[in-house]
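Results of the structural survey
The primary structure of each chain is shown beneath.
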Amino acid sequence: QVQLVESGGGLVQAGGSLRLSCAASGGGFVINDMGWYRQAPGNEREWVARITRGGITNYPNSVKGRFTISRDNAKNTVDLQMNSLKPEDTGLYYCNARLMRFPDRNYWGQGTQVTVSS
């Protein structure tokens, strides 16, 4: 019903920046909140940022002040601007979305790799 595709990952040195994008495609849906998650080898997938349909954002302390999430409801896209990157930010970054009519079901993209070197 909904397909999510991430882009924008890459290699960057500590202190650098990257901007990730996620595009949702498919018909017959209205996206509620969207978010970004990441997973490093051996670790659980962790929440990075969230944004409601109304534009309210939230972040964990680990990225607060460095990452900014934004969205375009008309285009069904969500971006993640990542500044002051740290090696601990390294991981596979996933886009997440939930639909208005199915609030308990999570949709995921395939992920885009972010690698931050010291």
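The paragraphs below set out a description of the structure included in this document. Only a predicted model underlies this, so the values are computations on that prediction, with no experimental measurement involved.

**A word on the pairing of strand β11 (residues 112–117)**
Here β11 shows a clear split, with T112, V114 and V116 buried on one side and none of Q113, T115 and S117 buried on the other. Where strand β2 (residues 10–13) meets β11, four bridges bridge the pair, whose relative direction is parallel. Bridging from a neighbouring strand, G10 pairs with V114 of β11. Here strand β9 (residues 91–99) runs beside β11; their pairing, made up of three bridges, is antiparallel.

**Thoughts on the sheet that holds strand β3 (residues 18–25)**
Taken together, the four strands give an open sheet; going across it, the order is β1-β3-β8-β7, and neighbouring strands pair in antiparallel fashion. The sheet terminates laterally at β1 (3–7) and β7 (67–72), the two strands that pair on one side only. This sheet shows a mean twist of 15 degrees between the axes of neighbouring strands, independent of strand direction. Direction of pairing for β7 relative to strand β8 (residues 77–82): antiparallel, over a ladder of six bridges. Residue pairing across strands places T68 opposite Q81, the latter belonging to β8.

**Regarding the environment of R71**
Relative to the helices and strands, R71 is located in strand β7. A relative accessible area of 19% means that R71 is categorised as buried. Separated by 48 residues in the primary sequence, R71 and A23 place their C-alpha atoms 9.9 Å from one another. When neighbours within four sequence positions are excluded, R71 is seen to be in contact with I31, N32, D33, M34, I51, T52, R53, T77 and V78.

**Concerning the nonpolar core**
Counting residues in hydrophobic clusters, the biggest one holds 29 residues, and the most contacted among them are W36, L80, M82 and Y93. Contributions of two or more residues to this core are made by β3, β4 (31–39), β5 (46–51), β7, β8, β9 and β11.

**Comments concerning the pattern of salt bridges**
The full count for this structure, using the stated rule, is six salt bridges. For the salt bridge of D33 with R50, the shortest nitrogen-to-oxygen distance reads 2.6 Å. Residue D33 is located in strand β4, and its partner R50 is located in strand β5; the two are separated by 17 residues in the primary sequence. Note on R50: relative accessible area 18%, which makes it buried. It is possible to trace a salt-bridge network through shared partners that takes in R38, E46, R66 and D89.

Thresholds, definitions, all that
Residues numbered from 1 in each chain as written. Predicted model: local features only at pLDDT ≥ 70, side-chain atom pairs only at ≥ 80, totals over all residues. Heavy atoms only, no water. Buried < 20%, exposed > 50% of the residue type's maximum accessible area, 1.4 Å probe, protein only. Helix = DSSP H or I, 4+ residues; strand = E, 2+ residues; numbered from the N terminus. Pairing = 2+ DSSP bridges. Axes fitted to C-alpha atoms, helices over the stretch in contact; angles between N-to-C directions. Contact = heavy atoms within 4.5 Å. Core = buried A, V, L, I, M, F, W, Y, C linked by side-chain atoms within 4.5 Å. Salt bridge = Lys/Arg side-chain N within 4 Å of Asp/Glu carboxyl O.

What is shown is where atoms sit, not what they do.
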